[in-house]
Amino acid sequence: MSDLVIHLRVNGEPRRWTVAPGDLLLDVLRREGYWGVKRGCETGECGACAVLLDGEPVNSCLMFAAQAEGRGLTTIEGIAERDRLDPIQEAFLEHGGVQCGYCTPAMVLCAKALLERSAHPTEAEVREALGGVFCRCTGYKKPVEAVLAAASTGRGGRAPVRAAAARPSRAAARARKEAGR
Amino acid sequence: MFDQLRAFHRPSSVAAALRLFASERRAGGRGRFVAGGTDLVVQGDRSLRFLVDLTRLPLRYVKKRGRGWAIGATSTLSDLEHAPALAGLAGGILAEAAGTAGSRQIRTMGTAGGNLANASPASDLAPPLLVLDARLVLAGRGGRRTVPLERFFRGVNRTVLDGGLLVEIVIPPPPAPRGGRGGAAWSFQKLGRLASDIAVVNAAAGVAVDAGGRCTWARIALGAVAPTPMRARRAEAALVGKPFTRAAADAAAAQAAGETRPVTDVRGTAAYRREMSRVLVARALGECLEQLGRPW
């Protein structure tokens with residue numbers, strides 16, 4: 001067994017980790033104290049372990065830590081600015097989007113990735129973006145409302161990473177198609 | 001879960017990846033190539049002793065090449081879903097299929113090459129790629145070769161790769177309307193409990209017609225209804241040379257269902273899968289009829 005040394009950024013901070021070849025990113029993040037990353041199904045279905053990898057959501061239970069070399073990770077710990085919550089977090093509070101809270105970090109991060117890409121998503125796009133995070137308390141209505149509210153006040157994201165126009169919405173097309181059946 | 005792994009290699013070229021894989025295998029270990037990991041980690045194979053990571057190889061691209069298309073094997077499903085180069089290909093069915101493969105997180109991680117090389121009968125990319133007559137470029141210690149996608153699959157989770165590497169998906173130019181009066185139409189269909197689920201059945205179709213509405217070319221492909229993704233060749237043959245009508249489409253759909261060899265599992269019974277094969281092919285051909293938009 002030969003351990004690997006990896007260099008990456010977590011929430012903007014440079015990190016140097018020594019990991020075993022078989023270590024999964026979820027395990028290393030929790031070992032390093034990022035407890036906002038939740039262990040759920042460990043088979044990539046529930047999404048509770050989602051983090052952002054260079055701004056895009058991934059399930060950390062399915063990724064080998066060694067693959068994070070040179071990449072930038074964002075966890076829920078990294079999105080508030082000091083005492084100021086991220087606007088999406090504020091909206092989850094205002095709209096009652098939180099129950100037990102286990103899926104909330106992943107939902108907020110997935111919403112954040114969406115709003116950075118597309119500042120004014122449709123409800124179908126929000127549902128699609130949150131669709132990979134399972135809530136077992138009650139459902140998705142209030143989280144979806146919260147994300148739409150954060151988007152409508154223009155507080156959801158910062159400058160878009162990519163122009164929204166360059167990414168035609170497959171989600172919306174699919175939703176139309178499903179509705180037509 | 002992978003405590004038994006003793007090496008995780010991170011090569012930056014195809015040649016280095018093949019070399020590492022071969023030398024590890026000679027040393028007696030069992031290993032795999034890994035890219036997105038979305039299938040490999042879930043399979044949780046405890047006999048693996050080494051992994052060769054592909055995410056640093058220069059294989060992440062989706063582009064036009066000549067009149068066709070080339071897709072690097074480590075392009076993610078999300079890359080395919082959003083690639084401007086694919087929006088105009090075959091009515092966008094390949095991008096659409098990529099967009100149904102799992103959740104947003106899965107599509108950010110999972111790759112086009114992995115979706116094929118894992119050889120799941122339910123691969124969402126396989127039916128549209130079969131309809132598009134895609135070929136795969138495989139790299140091995142002896143050099144590169146190209147195989148038609150249909151001949152790549154050998155069985156459930158089995159391919160012709162043997163320590164080799166899938167490096168590129170090549171899509172030739174699809175049939176274009178001839179003489180400006182005919183047309184070509186395309187459709188992708190998927191049945192799951194939710195859109196992002198593993199398919200119970202998936203299907204794709206492509207049809208070209210001449211100015212008189214006669215079918216000149218047809219492709220029908222299905223997934224999750226046989227040990228490998230499959231083409232319904234007899235159904236295709238039944239369409240070609242005849243007027244493309246609702247009745248012809250329904251007959252071809254019934255024919256295609258008869259060509260399937262489904263199994264019963266947790267997602268559905270064999271009988272249900274066969275019946276849904278008929279329904280999805282009928283829908284796919286129905287969409288093609290609608291797109292062609294003319295009552296013949």
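Residues numbered from 1 in each chain as written. Chains lettered and ligands numbered in written order. Predicted model: local features only at pLDDT ≥ 70, side-chain atom pairs only at ≥ 80, totals over all residues.

### Regarding the sheet that holds strand β14 (residues 230-231) of chain B
Residue and element names in this part refer to chain B.
Item 1. Across the sheet, 4 strands lie side by side as β11-β12-β13-β14; this open sheet has antiparallel pairing. Among the strands making up the open sheet, the edge pair consists of β11 (183-191) and β14.
Item 2. Summarising the sheet, β11 and strand β12 (residues 201-209) pair through 9 bridges and their orientation is antiparallel. Opposite Gly 183, over in β12, you have Val 209 as the bridge partner.
Item 3. Most of the contacts of helix α12 (residues 270-292) go to β12, to which it runs at about 35°, and overall it touches β11, β12 and β13 (215-223). (Pairing = 2+ DSSP bridges. Helix = DSSP H or I, 4+ residues; strand = E, 2+ residues; numbered from the N terminus. Contact = placed C-beta atoms within 7 Å. Axes fitted to C-alpha atoms, helices over the stretch in contact; angles between N-to-C directions.)

### Side note on the domain arrangement of chain B
All names here are of chain B.
Item 1. Domains assigned within chain B are domain 1 (7-45), domain 2 (62-171) and domain 3 (183-292).
Item 2. Here the C-alpha centroids of domain 2 and domain 3 sit 20 Å apart.
Item 3. Between domain 2 and domain 3, the residue contacts involve 22 residues of the former and 25 residues of the latter.
Item 4. Going through the elements one at a time, α5 (93-98), α8 (126-131) and β8 (153-155) are the ones with two or more residues in the side of domain 2 that touches domain 3.
Item 5. A per-element tally of the side of domain 2 that touches domain 3 places α8 first, with 5 residues.
Item 6. Class assignment of the residues belonging to the side of domain 2 that touches domain 3 gives a composition of 13 nonpolar, 6 polar and 3 charged. (Domains from an automatic or database assignment. Nonpolar A, V, L, I, M, F, W, Y, C, P; charged D, E, K, R; others polar.)

### A closer look at the interface of chain A and chain B
Item 1. Taken together, the 30 residues of chain A in the interface contact 31 residues of chain B.
Item 2. Those elements giving two or more residues to the side of chain A that touches chain B turn out to be β4 (56-59) and α6 (170-179) of chain A.
Item 3. Its residues placed into classes, the side of chain A that touches chain B shows 15 nonpolar, 9 polar and 6 charged.

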